[in-house]
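A look at the structure
Spelled out, the chains give:
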Amino acid sequence: MLIPCPHCGPRDLGEFTYGGDATRDRPDPHSSPGGGASAEDWCGYVFYRDNPRGRHVEYWHHGQGCRLWLKVVRDTVTHKIEGAEIVGPWADAEPKKQRGAA
Amino acid sequence: MSGYRLESARIGDTVNFTFDGKRYQGVAGDTLASALLANGVDLFGRSFKYHRPRGLFSAGVEEPSALVTLGCGARAEPNTRATVVELFEGLEATSQNRWPSLALDVMAVNGLAGPILSAGFYYKTFMGPTRKAWKFYEHFIRKAAGLGKASFLPDPDRYEEMNAFCDVLVVGAGPAGMMAAMTAANSGARVILADEQSTLGGNLRDSAVATNPLAKLSATDEVTLLPRTTVYGYYDDNTLGAVERVADHLPAPVKGQPRERHWTIRARQVVIATGAIERPIVFGDNDKPGVMLADAGRLYVERHGVAPGRQVALFTNNDGAYRSVAALSAAGVAITAIVEARQEIGDQARRIAAASGAELLTGHVVTRALGGQSLSGIAVATFDPKQGASESAHRHVAADCLLVSGGWTPTLHLASQAGGPARWDDTLTAFLPGEALQPWRAAGACNGTFATATALDQGAAAGAAAAAACGFASNAPDLPQADDEPVAEAPLPVWDARPKHGKGKAFVDLQHDVTAADVSLAHREGFRSVEHLKRYTTLGMATDQGKTSNVIGLALMARERQLSIPEVGTTRFRPPYTPVSLGALAGQARGANFRPTRRTALHDWHEAKGAEMQAAGLWMRPRIYPQGGETVEQAYVREARQVRQSVGMVDVSTLGKIDVQGPDAAEFLNRVYSNGFLKLPEGKARYGLMLREDGFLWDDGTTWRLSEARFLMTTTTANAAPVLSQLEFLLAAVWPELKVAVTSVTEQWAGMAVSGPKSRDVIAAVVDDIDMSNEALPFMGVRAGHIGGVPVLVARLSFSGELAYEVYCGAHHGAAVWTRLLEAGEPFGMIPYGVEALGTLRIEKGHVAGPELDGRTTAEDLGLAAMVSTRKHFIGSAMVQREGLTDPQRLKLVGFVSTDGGKIRPGAHLVAANDTASPPRSLGHITSVTYSPALEKYIALGLLEDGPSRLGAKLVATYPLKNIDVAVEVVSPHFFDPEGSRMHA
């Protein structure tokens, strides 16, 4: 499987580590006056996962490359990848200049 | 079967070889099969279950019967197909699954027990009330059924891995593949052409093609030719796996060459031209040596100059098999009869039949093979497509070889791995490639195109299209002219030719001894879906993966269920196409090269001083520095004692080190660690705990504040990489607003811990510019300075409980600083100590490490509850207060001392001394053990149910696997200097 790293280009699966479901949001610990999200919210975030057949949004870590965390949209049946984006403050950084480009 | 070498055969160099110890001669270019056939050998092996005599069935990878063990000793390779083994001087082959000999096999009585050993025998016999009987019979059954045996010796050969990239990969170098490769190469595409055979060309090598395109294709910078290479698997993103047999045709690999080379090929486009495999027709005793696929008979004649028999008969349902008649006639081999299931046959086939002088019996089928251990004749009956074979109107025909053709099965394996379900073609009576789900095209026989001329044309078109898809303008070479030939285009669907009450066992899967009756039985017992059929009867599950049997099995099940074949379905093919040696998959990654080895900057020094090294993950660390025949225990006790008495030094370079920088670094650490980091002053270190989101303890280590916005975090050796990944995740996905950057600096720093009452004196003697006084460098203080001009960080940290310092310097200066420190320590008797003594010292202090941080413990379990803040949010804080994690009955850290002098085993379970139950109830377990020089007894750390409330209790640490029981007393884990006065000195 090739993952299209927005920073490095298409790279082999072996360079990445799977980071799990990227559709869940970490509960905001300060969201309610009682000291944060409910136990159910945390349980859902930490333990419960869907196992969708088909389109899925996943975290992948390019640990053997640029070390950026990516959100990858992948079909769990065909392994086809719709796209990948950088997660976090580096998402909007200038892409690395292509070799040979001016 | 009485095969022989044709007089007309071009005689090559003589090659000597042995089969079951008997000497034979073949000629260069032979396969083991063709050479044995030329020597008149007809018995090649015994069958899997019934031990029936088996001969040669095919001339290729589909061979189900002629399986032999090749070579001996460490190079012995079981279950090789004699049909694809290239003969070499001195080759040794041995037959399999027979005892005491191939000709006389006492296990053949299994054949008489046939009705008992039918499909499902083991389940029915041993999975019900008689389940216990399995334990008794298993040994005998395993001995009686099976294939060859592995050698159990280490593989002496070397294997290589290659990665290759190309525009167009062409799999199969027959007519279609050759043309596809030539066309793509002519267009300028970078091409790889792979074929499993030793010579490229496939049927072009034998058939009359006016201009042989082989002549025009040669390896260039842009064209890689890979003969003897099987593309065995089609994976995601057009990645294909292939194995090149570099040296299997030689007695041993040539120096510098591997035995096999694994290729990972990434292709932009793939042309699948994998051809087709002939299939037989089922009849009684159709496994008798002498019964062979029709095209195999042709190949032995045309490629090897070997006649498969002296009186050859043919049984066919299609025109294609007449090619074999033509080839055998041309070579002067007598054909006695052609048994043709159809009433009408093609003109060309009829002309070939007439010219051969054979009796042509149209509308007939073979109902049974006759003879003893090998074929002497065939029973033939009239055949009506509606009624089947006649019960009465039959006759016998003498023959020592029967060539059978039931049509052709396209080789769909790769297409199926990277495509949709196969499509059934009623005219060809064959499955064809389904929808392409990756960029591939099929051409030639694997696409149902059996005529050479059409295959050439289709190959050229596929090659051009593949090149065009890569952006190359098509430049097709001239198509060679192929002769007219009879083609297997519309075989009559005859699957099982027996009359209703036909005699003899009728095999569908020769390799796994699955009969037509087994398929009927599976149907009667409800195993009707194709997946159930396969698993219940084991049809198609052996090393040949049913290459000649799957479609027939399906057809027979379809007949039972009165459905069409596509309604019954087909199983999906999985890699590999043919067996792949584990060596090829492992490549160079074996033994010491199985994974990388990490060495610290001080590694050479440790080895030079005779340290016994041990692996810690990928790292190598000194375990002990033994002196003059010391045991491990003697060595670590001496080392630990010297640290407590004077001073010692240990290499701690393997600790994970992460540089944390940025204006929000302190805030970030405060959210990552369970204890507070916001107020850590510059020049100070703090011990921190990291929890997982689920509230369990994950990692620990000290983090040093080097400046306002810069920290050096240390982690355990094992978690260095996961912690960094987690920090990166948090900064990317959870707190993108924090301005922090993290970088691994584990390998940039060499680290050494100087411990013992004299450690201050040692460092003060060599450090240029740090005031080492207790006031200037207090406990947990960090200072930058120089040792011998080398920049260092000195941190006053203690894992041993002694006055101690960690000295970090650039890895390249590690050895210099280390040696300098040891020289300075000489007056104090300073010694290097290993990780055993490191463990002893920390166990005496009750400091936790990997065995206690096992992923199932909480900070509270380990007595570290005070380090879990209740006033801030951090990773894990939301879940740490869960009921299950605060239950007082949880296993908690306590210490143990051996009260009977026995050595406590790590992993031993703690049980009450008076518990007589079997097994006794476990109250917890021992995690870390050492002999304590300070206490002069064996001590241990362990996790005990509600441990702290049981101090003083007498328990037993039991290790039933070795029958070791040690009486222990529960004590505080802080065995030595619980007030910590020594490290604050």
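Each value, and the rule that gives it
Residues numbered from 1 in each chain as written. Chains lettered and ligands numbered in written order. Predicted model: local features only at pLDDT ≥ 70, side-chain atom pairs only at ≥ 80, totals over all residues. Helix = DSSP H or I, 4+ residues; strand = E, 2+ residues; numbered from the N terminus. Buried ≥ 20, exposed ≤ 12 C-beta atoms within 10 Å, placed from the backbone. Contact = placed C-beta atoms within 7 Å. Pairing = 2+ DSSP bridges. Axes fitted to C-alpha atoms, helices over the stretch in contact; angles between N-to-C directions. pLDDT = per-residue confidence, 0-100. Nonpolar A, V, L, I, M, F, W, Y, C, P; charged D, E, K, R; others polar. Parallel < 35°, antiparallel > 145°, perpendicular 65-115°, else oblique. Left-handed = near helix turned anticlockwise from the far one by under 90°. Core = buried A, V, L, I, M, F, W, Y, C linked by C-beta atoms within 7 Å.

This paragraph deals with the overall build of chain B. For chain B, the count of helices and strands is 23 helices and 49 strands. When the backbone C-alpha atoms are referred to their principal axes, chain B occupies close to 110 × 70 × 55 Å. Out of the 985 residues belonging to chain B, those deemed buried represent 52%. When contacts within chain B are restricted to residue pairs at least 6 apart in sequence, long-range pairs at least 24 apart make up 68% of them.

If you tally the helices and strands in chain A, you get one helix and six strands. For chain A, the sequential pattern of α-helices and β-strands runs β-β-β-α-β-β-β. The buried share among the 102 residues of chain A stands at 20%. Within chain A, counting contacts between residues at least 6 apart in sequence, those at least 24 apart form 47% of the total.

This part takes up the sheet that holds strand β38 (residues 741-744) of chain B. Residues and elements named next belong to chain B. Overall, antiparallel pairing links the five strands, which are arranged β35-β36-β37-β34-β38 in an open sheet. Both outer strands of the open sheet, β35 (684-691) and β38, are each paired with one neighbouring strand and no more. Each neighbouring strand pair of the sheet contributes to a mean axis angle of 25°, computed without reference to strand direction. Helix α18 (residues 665-672) contacts β34 (656-661), β35, β36 (697-707) and β37 (710-715) of the sheet and is inclined by roughly 135° relative to β34.

What follows deals with unusual backbone geometry. Residues and elements named next belong to chain B. The peptide bond linking Pro-575 to Pro-576 adopts the cis configuration, its omega dihedral lying at 0°. By the element assignment, Pro-576 lies in the loop between α14 (565-568) and α15 (582-586). Geometrically, the link from Ser-918 to Pro-919 is a cis peptide bond, its omega value of -5° lying close to zero. Residue placement: Pro-919 occurs in the loop between β45 (909-912) and β46 (924-932). In this structure, Asp-285 is a non-glycine residue whose phi angle is positive, near 55°. Residue placement: Asp-285 occurs in the loop between β15 (276-278) and β16 (291-293).

The next subject is helix α22 (residues 835-845) of chain B. Residues and elements named next belong to chain B. A large share of α22 lies buried, amounting to ten of its eleven residues. Residues Val-835, Glu-836, Ala-837, Leu-838, Gly-839, Thr-840, Leu-841, Ile-843, Glu-844 and Lys-845 constitute the buried set of α22. Considering only its buried residues, α22 is in contact with β31 (612-616), β32 (619-624), α17 (632-645), β33 (648-651), β46 and β47 (937-945). At the exit of α22 stands Gly-846, carrying a positive phi of roughly 75°.

What follows concerns the environment of Asn-238 of chain B. Along the chain, the position of Asn-238 of chain B falls in the loop between β12 (229-235) and β13 (239-245). Here the alpha-carbon distance between Asn-238 of chain B and Gln-438 of chain B, two residues 200 residues apart in the chain, equals 6.6 Å.

When pLDDT is averaged along chain B, the result is 93, and 95% of the positions lie at 70 or above. Here the predicted complex carries an ipTM of 0.93, next to a pTM of 0.89.

Turning our eyes to something else, we now look at the interface of chain A and chain B. Quite often, the size of an interface is put as the accessible area lost when its parts meet. With 20 residues of chain A at the contact, the number on the chain B side is 16 residues. Those elements that place two or more of their residues in the side of chain A that touches chain B are β3 (17-21), α1 (39-46) and β4 (55-61) of chain A. Considering only residue class, the side of chain A that touches chain B consists of nine nonpolar, nine polar and two charged.

Okay, the pairing of strand β40 (residues 782-787) of chain B next. Residues and elements named next belong to chain B. When β40 meets strand β41 (residues 790-795), the two strands line up antiparallel, connected through six bridges. Within β41, the residue paired with Gly-785 across the bridge is Val-792. Taking the residues between adjacent antiparallel strands as the criterion, β40 and β41 are bridged by two residues, where Gly-788 takes a positive phi near 55°.

Residue and element names in this part refer to chain B. Relative orientation of the contacting elements helix α7 (residues 322-330) and helix α8 (residues 347-356) amounts to 30°, with a least axis distance of 9 Å. Relative to α8, the element α7 lies roughly parallel. α7 and α8 meet at a crossing whose hand is left-handed. Of α8, the residues touching α7 (which contributes Tyr-322, Val-325, Ala-326 and Ser-329) are Ala-349, Ile-352, Ala-353, Ala-355 and Ser-356. The class makeup of the residues in the contact of α7 with α8 is seven nonpolar, two polar and no charged.

In this section: the packing of helix α11 (residues 516-524) of chain B against helix α13 (residues 550-561) of chain B. Residue and element names in this part refer to chain B. In the contact formed by α11 and α13, the axes pass within 10 Å of each other and the chain directions differ by 45°. Between α11 and α13, the angle is such that the two are oblique. Crossing of α11 against α13: the hand is right-handed. Seen from α11, the contacting residues are Ala-516, Val-519, Ser-520 and His-523; seen from α13, they are Gly-553, Leu-556, Met-557, Glu-560 and Arg-561. Of the residues contributing to the contact of α11 with α13, the split by class is four nonpolar, three polar and two charged.

Residue and element names in this part refer to chain A. Taken across its seven residues, strand β5 (residues 69-75) has five buried, putting it largely inside the fold. Note: β4 against β5, seven bridges, orientation antiparallel. Residue pairing for β5: Arg-55 is matched across the bridge by Asp-75. Examined bridge by bridge, β5 and strand β6 (residues 81-86) share five bridges and lie antiparallel to one another. The partner of Leu-70 across the bridge, within β6, is Ile-86. Counted along the chain from β5 to the antiparallel partner β6, the turn is five residues long, and its residue His-79 has a positive phi close to 65°.

This next bit is on the sheet that holds strand β43 (residues 831-832) of chain B. Residues and elements named next belong to chain B. Taking strand neighbours across the sheet as the criterion, the six strands line up as β40-β41-β42-β39-β33-β43 in an open arrangement whose pairing is mixed. Edge positions in the open sheet fall to β40 and β43, since each of these has one partner strand only. Pairing between β41 and strand β42 (residues 804-810): four bridges, direction antiparallel. Paired with Val-792 across the bridge in β42 is Cys-809.

Residue and element names in this part refer to chain B. Residue position: Gly-172 is located in the loop between β9 (159-171) and α5 (175-186). The exposure class of Gly-172 is buried, given the 31 C-beta atoms found within 10 Å. Each C-alpha atom, one on Gly-172 and one on Thr-274, is 4.8 Å from the other, the two residues being 102 residues apart in sequence. When neighbours within four sequence positions are excluded, Gly-172 is seen to be in contact with Gly-177, Asp-195, Gly-202, Ala-273, Thr-274 and Gly-275.

Turning to the nonpolar core, a few remarks are in order. All names here are of chain B. Ranked by size, the top nonpolar core spans 125 residues in total, and within it Met-752, Val-754, Val-807, Ile-904 and Ala-957 carry the most contacts. Among the elements that line this core, the one with the most residues is helix α19 (residues 720-734), at seven residues. When neighbours within four sequence positions are excluded, Val-754 is seen to be in contact with Val-647, Met-649, Ser-759, Val-762, Ile-763, Ala-804, Tyr-805, Val-807 and Leu-821. If you look at the next biggest cluster of nonpolar residues, it comprises 100 residues, including Phe-19, Ile-281, Phe-315 and Ala-399.

With respect to the element layout, His-812 of chain B can be found in the loop between β42 and α21 (814-825). Distance in space between the C-alpha atoms of His-812 of chain B and Ala-721 of chain B is 22 Å, their sequence separation being 91 residues.

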